[in-house]
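Spelled out from the first residue to the last, the chains are:
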Amino acid sequence: MWNLPPTDSVLHFLSLVAVAAQGMTAALAAGRRSMDWLGVCFLGCITALGGGTLRDLFLGHYPLAWVQNPVYLALAGGAAFLTILFARLVHRLKLAFIVLDAIGLVVFTMTGCDIAWQMDATLPIVIVSGMVTGCAGGVLRDVLCNDVPLLFRSELYASVSVVAGLFYETAFGLQLNAELWTILTFALGISFRLLAVRYKWEMPKFVFTGDEEKRD
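Keep in mind the model is a prediction, meaning the values are calculated, not measured.

A. Geometry of the pattern of salt bridges. Considering all chains together, one arrives at four salt bridges under this definition. Of the charged contacts in the structure, one is a salt bridge between Arg 55 and Asp 56, with a shortest N-O distance of 2.9 Å. A single salt-bridge network, built from bridges that share partners, covers Asp 101, Arg 141 and Asp 142.

B. Region of interest: the nonpolar core. Residues Val 19, Ile 103, Val 107, Met 110, Val 126 and Tyr 168 are the most contacted members of the largest nonpolar core, which totals 28 residues. Those elements giving two or more residues to this core turn out to be helix H1 (9–31), helix H2 (37–59), helix H4 (71–85), helix H6 (96–118), helix H8 (158–174) and helix H9 (178–199). With 10 residues, the single largest contributor to this core is H6. Residues Ala 26, Ala 27, Ala 30 and Leu 105 belong to the second largest nonpolar core, which totals 21 residues.

C. Broad picture of the side chain of Ser 129. With respect to the helices and strands, the residue Ser 129 is situated in helix H7 (residues 123–144). Setting aside its immediate chain neighbours within four residues, Ser 129 contacts Arg 55, Leu 59, Gly 112, Cys 113 and Ala 116.

D. Quick peek at unusual backbone geometry. The omega torsion across Tyr 62 and Pro 63 is -5°, close enough to zero to call that bond cis. At Ser 34, a residue that is not glycine, the phi angle is positive and equals roughly 55°. Among the structural elements, Ser 34 can be located in the loop between H1 and H2. One non-glycine residue, Asp 120, adopts positive backbone phi at about 60°. Along the chain, Asp 120 turns up in the loop between H6 and H7. On the basis of relative accessible area, Asp 120 is assigned to the partly exposed category, the value being 28%.

What counts and how
- Residues numbered from 1 in each chain as written.
- Predicted model: local features only at pLDDT ≥ 70, side-chain atom pairs only at ≥ 80, totals over all residues.
- Heavy atoms only, no water.
- Salt bridge = Lys/Arg side-chain N within 4 Å of Asp/Glu carboxyl O.
- Core = buried A, V, L, I, M, F, W, Y, C linked by side-chain atoms within 4.5 Å.
- Buried < 20%, exposed > 50% of the residue type's maximum accessible area, 1.4 Å probe, protein only.
- Helix = DSSP H or I, 4+ residues; strand = E, 2+ residues; numbered from the N terminus.
- Contact = heavy atoms within 4.5 Å.

Rendered as structure tokens:
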């Protein structure tokens, strides 16, 4: 049995920020698809809470986070609705969508890792739990908006979640200060993701067109 990490108030605060941030990204994406206001709020809840819901279902972690704390539903839907009202201001910030999504990716990754550790999961499961929590909500958002998910685009995305998860779990193994390590992981993950977008860092691609078969 691993020693459970102490309650991290910083991570809890960042989780609330991430829920709101992902609700905002959903509203920005929904606006490009001319969804009605209810659809925008609904998409905001799916985006902000979808990854955590899938994580809890996979791990058998009940009750679901938003069932236990309905305030998450109100926060996600409310953030999406407020984005409708201030969309023009937010839209003028060129990196608004990417930055908000990066916040959700990194913070939800840490949250997913934290939940898995508390359930005494092995390291691979901890990392996968972080990836699912961090990435799945954004994938659902993009699929429902008929966009290519950020996860499958060129710049590093899931890799950022893996790196952030591995860095974050170091605090558990070395018994480091949880709140300080949360801040460091947040800074590392956000910087990594934004640098990947800025400099177009990519994973190697697999390209197979079938031309080799035609030559035989």
